[in-house]
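# Examination of the molecular architecture
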Amino acid sequence: MWSGPRNISTALMRAWENRPDCVVSDEPLYAAWLAESGADHPGREEIIAQGQTDWRQVINALTGPVPGGKAIWYQKHMCQHLLADMGFDWTDALVNVFLIRHPDEVVASYTRARGTDEVSADDVGLPRQLELFEWIRRRQGRVPPVIDSAELLTAPEAHLRALCRHLNIDFSPRMLSWPAGPRESDGIWAPYWYDAVRRSTGFVAPRKHPVRLTGQPARVAAECLPLYEELFSHRLYVDPQQFC
């Protein structure tokens, strides 16, 4: 699952982890990206010290056997963690799905979480997300599934059923709710980012409130909007009534 920050990517990871046939990995490329990019993120030194900073070893593991003998391996990836040297060829071994969110919402949430208006398009991952999407589409000759987070939150069961059907995986009602609290699978960065999802027990309908951005955040959101709109135009169409 290729996402950007401040999406519902961790909640979606919870949904898949609640399946007995699924194991999850939380941003396995994070430490390698931090070490090479020099990005200043909360918990940076701890993440690097405890994570695998050799991205080649990470990719070898990600494209190897599924841990624990499970049938499904849900890998939660941040698109901004895709370093230039990694290339995209290794993603051929994965079934790739894209999770998107309107950039106004992403930028507002990101700057709020970081406590700063300093943000760039690369911080929210959309340039790399579209680049990977287009590469996979050309490589495979078909459009990989795209899920819009706001639409999923409006009708979570319908979207999860549609995605499972698209992936030829049986839907499980266990994906719709989960126990509150932390998980052993959470990255060590969870205390900085996961407060809301740790309190959650399921998907919550999106709140209807306008986002008002100014200055640098507004410019970044405007820069990212065409990228989001291109991905949105390929989203997996879901008719909620079909699954009633």
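Heads up: the structure comes first, above all this text.
Residues numbered from 1 in each chain as written. Predicted model: local features only at pLDDT ≥ 70, side-chain atom pairs only at ≥ 80, totals over all residues. Heavy atoms only, no water.

Inspection of the entire model under this criterion finds nine aromatic pairs. A ring pair is formed by Trp16 and Tyr74, whose centres lie 5.7 Å apart and whose planes are at 20°; its orientation type is stacked. Remark: Tyr74 occurs in strand E3 (residues 72–78) and Trp16 occurs in helix H1 (residues 9–17); sequence separation between them is 58 residues. Per residue, the accessibility class of Trp16 equals that of Tyr74, and both read buried. Between Tyr30 and Trp33 the ring centres are 6.2 Å apart and the planes differ by 35°, which places this aromatic pair in the tilted class. Of this pair, Tyr30 and Trp33 both sit in helix H2 (residues 30–37), three residues apart, which is roughly one turn of that helix. You'll find Tyr30 and Trp33 in the same group, each marked buried. Three or more aromatic residues link up through ring pairs in this structure, and these residues are Tyr30, Trp33 and Trp189. (Phe/Tyr/Trp six-rings, centres within 6.5 Å; stacked < 30°, edge-to-face > 60°. Helix = DSSP H or I, 4+ residues; strand = E, 2+ residues; numbered from the N terminus. Buried < 20%, exposed > 50% of the residue type's maximum accessible area, 1.4 Å probe, protein only.)

What follows is about the pattern of salt bridges. One pass over the full model with this rule turns up 13 salt bridges. Asp186 is the salt-bridge partner of Arg14, the closest N and O atoms lying 2.8 Å from each other. Of this pair, Arg14 sits in helix H1 while Asp186 is found in the loop between helix H9 (156–166) and helix H10 (190–193), placing the two residues 172 residues apart along the sequence. Each member of the pair Arg14 and Asp186 is classed as buried. A salt bridge links Arg101 to Glu105; the shortest N-O distance between them is 3.5 Å. Each of the salt bridges in this network shares a partner with another, and the network as a whole consists of Arg14, Asp186 and Arg198. (Salt bridge = Lys/Arg side-chain N within 4 Å of Asp/Glu carboxyl O.)

Nothing here speaks to function; it is geometry throughout.
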